[in-house]
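Overview (structure and organization)
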Amino acid sequence: MKALLGCNADRISNLPHDVMQRIITFLPVKDAAKTAALSKQWRHNWGATTQLVFDAHFGRISKEGNYDSNVSRLMLQIYKALLVHDGPITKFVLEIPGLRRPSPDINHMVQFLAKKGVHELTLIFDDDEVNNGQTKVGREMPSSLFSARQLSFLKMRNCDFSWAPSWFLGFTKLTHLWLVSVNVDSSFYDDFLPKCPLLEHLTLGVRDSNAIESCLKAELVAPSLKFLASNVWNICFKHTPLLSVVSIEPLYEDYTQCDFRVYDPDIAAVFASLPAIQHLSVGGEWLQFFASGTIPSMLPTHLRQLTLLEVASIELNSSLEARVLLCLIMSSPNLQRLRIWVGFKCLIEPSDAHSFRPTKFIDSLQLLIEAEDFPPASYFQCLEEFDMYGCDGAQVELDLVRLVLTSAPRLRRVFLTMEEDLDYQEGFEFLTKVTRYKRASTEAEVICV
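None of the values given here were measured: they were computed from a predicted structure.

To continue, consider the nonpolar core. Core analysis: the biggest nonpolar cluster contains 122 residues, and F92, M109 and F386 have the highest contact counts within it. A per-element tally of this core places helix α11 (residues 319-330) first, with eight residues.

The structure is reproduced here in structure tokens:
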């Protein structure tokens, strides 16, 4: 009866080879290695898996004892796994908690992976030692990385990416590049990125603000790039014909001491190289950067593809920042969604002699529009949603809401949030004024929280 039911049959050892490989793919490396004890058929299957992930499931660097010794012990376990690997490695992830920086051992490991033809590589390092309250950036990235010519995906954190060897010919197959908490210099834009002709997705988070300010013109040449997320506010889009999503987020709050005028920013030239832009998210340093240059009432090249505009940390009562916002709005005839996060409002107008950001502070956005002779209300014709966060009841905020309500015939929703410390009476008065404004759209709903 047992024989008929197959109770003693070794079913897992008789599985097809491709099924065994598929099972191992979903197992952590440690568990995959243990399958070697199941049977002779399973003994070497785990060593041929094409994806190796060394993360918290594999181990972690102990905080006790000598750091270098702890790293060496863990790296020895990784070496053992790699030495018995007798097939190609298409994906490799090193994200072990407590691993703070690259080391010679890791350089050798990357060299081994390059010979294996790795396609996707992730190297994540924790923050380095903290000295005097300042966290140091990780050390130089493994030089052997530049020999991994088959890379299509590269993700790194806490590495110095400010150089490339003279023999580097480029990553001709790289489509996704994710670099966070790194140091880069002008050679990254001038030499490295042009050698990645197929790059479509770039995430760049530069840790040191001085590294950003030292590059007077971070010219971006990326003919295949479609997505960019970065904190580098002085990027100049020189040749990015396919770039459709751009997010420039601020790096640090104390940027008021940066003299943006030395960069001579040209907002018209920048957007002339972004003909395919659809989603734009900016704020902080980016606004101040372009507010220090010449601001036209409308860009020479319309942003006809732009449907989503997000602006964070804007001082609406600053005439310069307000003009940058109005310039983008007036130049985006097909804008459908507008989101604004109101930032800190200056109460004292700085003089040109004592401030890196000379500006004129305004009480009325409507007066600015009239004074600057902006085009008639041909904007907002396609706008459907308008969100503004952090309102404190200022007149410039009311002017912007009124401008949207009276000019957007397709508007469906206006969503407003008030500052937490705003007085109840002030908030009620703000909402009362908003609800009394005329609306170009009969379907427009105003929500205020």
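Okay, back to it.
In this section: the packing of aromatic side chains. Each aromatic ring pair is characterised by the separation of its centres together with the angle its planes make. Within this structure, the stated rule accounts for 13 aromatic pairs. Residues F146 and F171 carry aromatic rings whose centres are separated by 6.4 Å and whose planes lie at 5 degrees to one another, so their mutual orientation is stacked. Here F171 lies in the loop between β6 (153-157) and β7 (176-182) and F146 lies in the loop between β5 (134-135) and β6, a separation of 25 residues in the sequence. Accessibility assignment for this pair places F146 and F171 in one class, buried. Their ring planes at 20 degrees and their centres at 5.5 Å tell us that F188 and F192 sit as a pair that is stacked. A residue pair is termed a helical-turn pair when its members lie 3 or 4 positions apart in one helix, as F188 and F192 do in helix α7 (residues 186-192) at four residues. The burial state of F188 is the same as that of F192; both residues are buried.

Our next topic: empty space enclosed by the protein. In this structure the tally under the stated criterion is two cavities of 30 Å³ or more. Within this model, the largest cavity holds a volume of roughly 40 Å³. Together, F237, V246, I248, V270, F271, L274, L280, V282 and W286 line the largest cavity. Of the residues that constitute the lining of the largest cavity, the class distribution is nine nonpolar, no polar and no charged.

Moving on, we get to the pairing of strand β9 (residues 218-221). Residue alternation in β9 divides its side chains into a buried set, A218 and L220, and an unburied set, E219 and V221. Note: β9 against strand β11 (residues 235-239), four bridges, orientation parallel. Within the sheet, the bridge partner assigned to L220 lies in β11 and is F237.

The grouping of V19, I23 and L27 at the surface amounts to a nonpolar patch, some 190 Å² of accessible area in total. With respect to the secondary-structure elements, L27 resides in the loop between α2 (17-25) and α3 (29-34). Residue classification places L27 among the partly exposed residues on the basis of a relative accessible area of 32%.

Right, let's talk about the packing of helix α5 (residues 67-83) against helix α6 (residues 104-115) for a bit. One can describe the packing of α5 onto α6 by two numbers: an axis separation of 11 Å at closest approach and a directional angle of 15 degrees. In this view, α5 runs roughly parallel relative to α6, as classed from their interaxial angle. For the crossing formed where α5 meets α6, the hand is left-handed. Side by side, α5 and α6 meet where S72, M75, I78, Y79 and L82 of the first sit next to D105, I106, H108, M109 and F112 of the second. Class assignment of the residues belonging to the contact of α5 with α6 gives a composition of seven nonpolar, two polar and one charged.

Under the counting rule described, the total for this entry stands at nine salt bridges. The salt bridge involving E384 is made with R412; its shortest N-O contact spans 3.4 Å. A residue pair is termed long-range when its members are at least 10 positions apart, and E384 in the loop between α12 (365-371) and β16 (385-391) and R412 in the loop between α13 (395-407) and β17 (413-418) qualify at 28 residues. The partner of R413 in a salt bridge is E385, with the nearest N and O atoms 3.7 Å apart. In this pair, R413 is assigned in strand β17 and E385 in strand β16, connecting sequence segments 28 residues apart. On the basis of relative accessible area, E385 is assigned to the buried category, the value being 18%. Beyond isolated ion pairs, a larger network of salt bridges with shared partners links E310, R339, E384, E385, D387, R412 and R413.

As for its placement among the helices and strands, T203 is situated in strand β8 (residues 201-206). Residue classification places T203 among the buried positions, given a relative accessible area of 14%. T203 has contacts with L177, W178, L179, V180, F227 and A229, leaving out every residue within four places of it along the chain.

Okay, the packing of α13 against helix α14 (residues 424-436) next. One way to put it is that α13 packs onto α14 with a least axis distance of 10 Å and a crossing angle of 25 degrees. Considered as vectors, α13 and α14 are oriented roughly parallel to each other. Between α13 and α14 the crossing geometry is right-handed. Here E397, L398, V401 and L405 of α13 lie close against α14, whose contacting residues are F430, K433 and V434. The residue inventory of the contact of α13 with α14, partitioned by class, reads five nonpolar, no polar and two charged.

Its 17 residues place the ends of α5 24 Å apart at the C-alpha level, agreeing with the 24 Å of an ideal helix rising 1.5 Å per residue. Inspection of α5 places Y67, N70, V71, L74, M75, I78, A81 and L82 among the buried residues, and these make up the whole buried set. An end-on view of α5 places all buried positions within 125 degrees of arc, on one side of the element. Of the exposed residues in α5, those oriented more than 90 degrees away from the buried face are R73, K80 and L83. Buried residues belonging to α5 abut β1 (51-54), β2 (91-94) and α6.

So, on to the confidence of the model for the protein. In the predicted model, the protein carries a mean pLDDT of 80, and 76% of its residues have values of at least 70. In the model, residues 252-256 has pLDDT below 50 throughout and makes 10 contacts with residues more than four positions away in sequence or in other chains.

Calculation criteria
- Residues numbered from 1 in each chain as written.
- Predicted model: local features only at pLDDT ≥ 70, side-chain atom pairs only at ≥ 80, totals over all residues.
- Heavy atoms only, no water.
- Core = buried A, V, L, I, M, F, W, Y, C linked by side-chain atoms within 4.5 Å.
- Buried < 20%, exposed > 50% of the residue type's maximum accessible area, 1.4 Å probe, protein only.
- Helix = DSSP H or I, 4+ residues; strand = E, 2+ residues; numbered from the N terminus.
- Phe/Tyr/Trp six-rings, centres within 6.5 Å; stacked < 30°, edge-to-face > 60°.
- 1 Å grid on protein atoms, 1.4 Å probe; cavity = no way out; pocket = protein on both sides within 12 Å on 5 of 7 lines; lining within 4 Å.
- Points joined across faces, edges and corners; volume = space filled by probe spheres on them.
- Nonpolar A, V, L, I, M, F, W, Y, C, P; charged D, E, K, R; others polar.
- Pairing = 2+ DSSP bridges.
- Patch = residues over 30% accessible without salt bridge, like charges linked within 9 Å, V, L, I, M, F, W, Y side chains within 5 Å.
- Areas by Shrake-Rupley, 256 points an atom, 1.4 Å probe, with all protein chains shown as cover.
- Salt bridge = Lys/Arg side-chain N within 4 Å of Asp/Glu carboxyl O.
- Axes fitted to C-alpha atoms, helices over the stretch in contact; angles between N-to-C directions.
- Parallel < 35°, antiparallel > 145°, perpendicular 65-115°, else oblique.
- Left-handed = near helix turned anticlockwise from the far one by under 90°.
- Contact = heavy atoms within 4.5 Å.
- Expected span 1.5 Å × (residues − 1).
- Arc of directions from axis to C-beta.
- pLDDT = per-residue confidence, 0-100.

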